[in-house]
Amino acid sequence: MPDSEKKSDSRFGLDVGTSRIVLARQTEKGIDCRAHLNAFVRIPFSRMTESVFKKENIPCSVDGDEIVIYGNDAEKFANIFHVETRRPMSRGLLNPDEPAGPAVIREIVGILAGRAAKPGQRLCASLPGRPLDAIEDLKYHQTVVEQTASDFGFTVTTINEGLAVIYSELADSNYTGIGVSCGGGMCNVCLGYLSVPVISFSIAQAGDFVDTQAAAAAGEVATRVRLFKEQDFRFNGTPGNKIEYALTVYYDEMIRGLVEAMTRAFSESTALPKLDRPVPLVLSGGTTLAKGFLGRFEKALKQSPFPVPLSEVKLAAEPLNATARGALVSALSE
Ligand SMILES: Nc1ncnc2c1ncn2[C@@H]1O[C@H](COP(=O)(O)OP(=O)(O)OP(=O)(O)O)[C@@H](O)[C@H]1O
Ligand SMILES: [Mg+2]
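Okay, so let's go over this structure. In this text the structure is predicted, and so the values were computed from the model without any measurement.

As a further point, take the overall build of the chain. Across its full length, the chain carries 10 helices and 15 strands. Compactness check: the chain gives a C-alpha radius of gyration of 20 Å against a globular reference of 20 Å for 334 residues, within 12% of the reference. By principal-axis analysis of the C-alpha atoms, the chain measures approximately 65 × 55 × 40 Å. The proportion of buried residues among the 334 residues of the chain is 49%. Counting only contacts in the chain whose residues sit at least 6 apart along the sequence, the fraction spanning at least 24 positions is 64%.

Written out as structure tokens, the structure reads:
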């Protein structure tokens, strides 16, 4: 059924990502997605500032002698006051070195979702997959995400991020294929067969890795490199532009690492199903938005002994929203 023919529904899909938190819901006009940067900034408290912020509806709270500004406005204020935004998450998970993290996520989920309109309102939240090469434990992150949503009155379910991409983008192949989400902190991969997750994992190299490595190589600060990447970057663009060159180098390195990890995980898994036909692979997440990403990814695939026959490799319709949309599809199917 096209989105336009669907009725609005009170269930939510939630994607708590390293860079952004996205909430998806079904309205009469289709799926509506809203997002905030998963970030905050602290500025000195004054009563005057607090009351002006309230009047301007800037999401903030007072903490001792500081005002904490949340979400999209944090970046605006960081630019004005020449400070760096802080982020609750790092490499796809809550950052244990940022004690304010859970409270910031709570504030942003509150801005986007608010309290459940009725008892038992369903919300499905995405969770990253098990890291392929690390021993990081996901339990703390998972508990904070689930607890936050249930404190707002929701009945919470969860879905693996790669599987959410499959739910969002691969309805035509009956939810069989490979879903990949290249975000800020992580790449998440899931091979699904008829909607069942068969192999899923994450690697902690994505957009933030590209930013910090390219910044170090070009002698720049990561924020400036990120803004250039999001606004002007294209692979092998302007000759002599050292930021663009460094971004190309580290984007290629990230893509190579991702393809290598997929090749290894699928080749070594005893769970790899015997597929009777080639399956689609869909790429999503903000990191795939760079102009030329799909071509670079396909080139890396051709150079690797990838063990799964592919019918096509494509970009998600809305790479920044695919995970939240897939989480919503899961909530709607409950
Ligand atoms: N137009 C763009 N071109 C290139 N990169 C972009 C663009 N827009 C956003 N990004 C990058 O995408 C990344 C964020 O993507 P996304 O919102 O999918 O991540 P996330 O879900 O918050 O993180 P994760 O899933 O890793 O926890 C950041 O590294 C950001 O710089
Ligand atoms: Mg993500």
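Following the structure, the description resumes.
Right, let's talk about the site of ligand 1 for a bit. T18, S19, R20, G185 and E230 are the nearest of the 22 residues found near ligand 1. S19 is positioned such that a nitrogen or oxygen atom in its backbone is 2.7 Å from an oxygen atom of ligand 1. Take E161: an N or O atom from its side chain is 3.4 Å from an oxygen atom of ligand 1. A total of 3 residues in the shell around ligand 1 trace back to one element, the largest contributor, which is helix α7 (residues 222-231). Broken down by class, the residue content of the shell around ligand 1 amounts to 5 nonpolar, 11 polar and 6 charged.

This paragraph deals with the environment of I199. Tracing the backbone shows I199 in strand β13 (residues 196-203). Take I199: its relative accessible area is 8%, and that puts it in the buried class. Not counting chain neighbours up to four residues away, the residues in contact with I199 comprise V189, C190, L191, F266, S269, A271 and L272.

Rules used in this analysis
- Residues numbered from 1 in each chain as written.
- Chains lettered and ligands numbered in written order.
- Predicted model: local features only at pLDDT ≥ 70, side-chain atom pairs only at ≥ 80, totals over all residues.
- Heavy atoms only, no water.
- Helix = DSSP H or I, 4+ residues; strand = E, 2+ residues; numbered from the N terminus.
- Rg over C-alpha atoms; globule rule 2.2 N^0.38 Å.
- Buried < 20%, exposed > 50% of the residue type's maximum accessible area, 1.4 Å probe, protein only.
- Contact = heavy atoms within 4.5 Å.
- Near = heavy atom within 4 Å.
- Polar contact = N/O pair within 3.5 Å; in protein donor to acceptor, adjacent residues only side chain to side chain.
- Nonpolar A, V, L, I, M, F, W, Y, C, P; charged D, E, K, R; others polar.

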